[in-house]
Amino acid sequence: MLTNSIPKLLQEAREVRQALAAIGAGLPEEISAAGMDARIAELEAVGGELDALNVDRTRLVNLKREKAEAASDYIVQARAAVKGIFGADSSEYDMMGGTRTSERSRTKKKEGGTA
């Protein structure tokens, strides 16, 4: 299980690579500075790709938010136009999702006198 952060892991991999280069002979063929270099390069390449995707994702999230705000503003403008033209108690305003004034609940007066 990988518990280190990627930058910390890359730093450790570079230190191990230097040690492998210094040790040189006596290790199995599969364990070498060149092998560590390849793994470092692969990890850095994938990290770069991921960073680019995160930049694109952030851009798209921001664009989605802007489009949602524009749609919301348009809805408010459309309702206001219908309310202004047809009235707050019209069926047209009701069709736009507005609450007709005749359908609004009335506030009830509190009973009781002043003390």
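Small disclaimer: the values here were computed from a predicted structure and weren't measured.

Rules and cut-offs
- Residues numbered from 1 in each chain as written.
- Predicted model: local features only at pLDDT ≥ 70, side-chain atom pairs only at ≥ 80, totals over all residues.
- Heavy atoms only, no water.
- Axes fitted to C-alpha atoms, helices over the stretch in contact; angles between N-to-C directions.
- Helix = DSSP H or I, 4+ residues; strand = E, 2+ residues; numbered from the N terminus.
- Parallel < 35°, antiparallel > 145°, perpendicular 65-115°, else oblique.
- Left-handed = near helix turned anticlockwise from the far one by under 90°.
- Contact = heavy atoms within 4.5 Å.
- Nonpolar A, V, L, I, M, F, W, Y, C, P; charged D, E, K, R; others polar.
- Buried < 20%, exposed > 50% of the residue type's maximum accessible area, 1.4 Å probe, protein only.

1. A look at the packing of helix 1 (residues 6-23) against helix 2 (residues 33-86)
Here is step 1 of the chain: The interhelical angle for the contact between helix 1 and helix 2, taken along N-to-C directions, is 160°, at an axis separation of 9 Å. As the angle between them shows, helix 1 and helix 2 are arranged roughly antiparallel. Crossing angle aside, the handedness with which helix 1 passes helix 2 is left-handed. In contact with Ile6, Leu9, Leu10, Ala13, Arg14, Val16, Arg17, Leu20 and Ala21 of helix 1, helix 2 contributes Ala33, Met36, Asp37, Ile40, Leu43 and Glu44.
Here is step 2 of the chain: Here the residues of the contact of helix 1 with helix 2 are counted per class, giving eleven nonpolar, no polar and four charged.

2. Notes on the environment of Ala80
Here is step 1 of the chain: Relative to the elements of secondary structure, Ala80 occurs in helix 2.
Here is step 2 of the chain: According to the relative accessible area criterion, Ala80 is partly exposed, its value standing at 47%.
Here is step 3 of the chain: Through-space distance from the C-alpha of Ala80 to that of Tyr93 is 8.8 Å; in sequence the pair is 13 residues apart.

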